[in-house]
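Below, each chain spelled out in residue letters.
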Amino acid sequence: DLSTVELLYTADVLVAAKKYAEAAERLALAASRDEPDKTVAGEVLFELGRCRYYLRDERSAAQTFQKMAAEYRGHPQAGQAATYAYELWGKIAERTKAAADYLELAATLRNLLESFADHPKRVDAQWLLPAALQLAGRFTEAADEFAKVPESSPRAEEAQYRRVLCVRRAVEAQRGTL
């Protein structure tokens, strides 16, 4: 029985040989174990996300990167995992137009904003979070988040316009339930 570190190492060798399915199997096994070393555990998830991406399983890759970024915030690659997660959820949501996928994107963006104060994509995330909520039909939440877009943002003016639209849509939706 290989240790988590040995599974990670052999998976790296398989990835180098472009044997992504076999590498993903080893990494999934390693991820299923209770690894006390958080650096190793985070590395396993990051590499598993990469393998799933190479295997063109965008949804599983997005979920894996999202989990890594949320559970291993102190890991050196957590910020990159957050970027990959939001980029993949963005592609998925754009393709499916499903509210659930926009909500996954919003959750990923919220984690990025709350956990990674110096993230290079922070300004983008401040804009994309309310946009994702709006597209998911969460108009009240979207309006609240559009109000938080800084005035220094290149999209500040549009954010205020969309905030008003979302408030109106929320009122209209509430009116329909009265």
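Residues numbered from 1 in each chain as written. Predicted model: local features only at pLDDT ≥ 70, side-chain atom pairs only at ≥ 80, totals over all residues. Heavy atoms only, no water.

It is at 9 Å that the axes of helix α2 (residues 20–31) and helix α3 (residues 38–54) come closest, and there the two elements cross at 150°. It follows from the interaxial angle that α2 and α3 lie roughly antiparallel. Seen from above, α2 lies across α3 with left-handed handedness. Taking contact as the criterion, the partners of Tyr-20, Ala-23, Ala-24, Leu-27, Ala-28, Ala-30 and Ala-31 in α2 are, on α3, Val-44, Leu-45, Glu-47, Leu-48, Cys-51, Arg-52 and Tyr-54. For the contact of α2 with α3, the class distribution of residues is 12 nonpolar, no polar and two charged. (Axes fitted to C-alpha atoms, helices over the stretch in contact; angles between N-to-C directions. Helix = DSSP H or I, 4+ residues; strand = E, 2+ residues; numbered from the N terminus. Parallel < 35°, antiparallel > 145°, perpendicular 65-115°, else oblique. Left-handed = near helix turned anticlockwise from the far one by under 90°. Contact = heavy atoms within 4.5 Å. Nonpolar A, V, L, I, M, F, W, Y, C, P; charged D, E, K, R; others polar.)

Let us now look at unusual backbone geometry. A positive phi angle, near 60°, is found at Lys-18, a position not held by glycine. Structurally, Lys-18 can be placed in the loop between α1 (4–16) and α2. With a relative accessible area of 60%, Lys-18 lands in the exposed category. The phi dihedral of Arg-56 is positive, around 65°, even though this residue is not glycine. Tracing the sequence through the fold places Arg-56 in the loop between α3 and α4 (58–71). (Buried < 20%, exposed > 50% of the residue type's maximum accessible area, 1.4 Å probe, protein only.)

This structure, assessed with the given rule, holds six aromatic pairs. Among the aromatic residues, those joined into a ring-pair cluster are Tyr-20, Tyr-53 and Tyr-54. (Phe/Tyr/Trp six-rings, centres within 6.5 Å; stacked < 30°, edge-to-face > 60°.)

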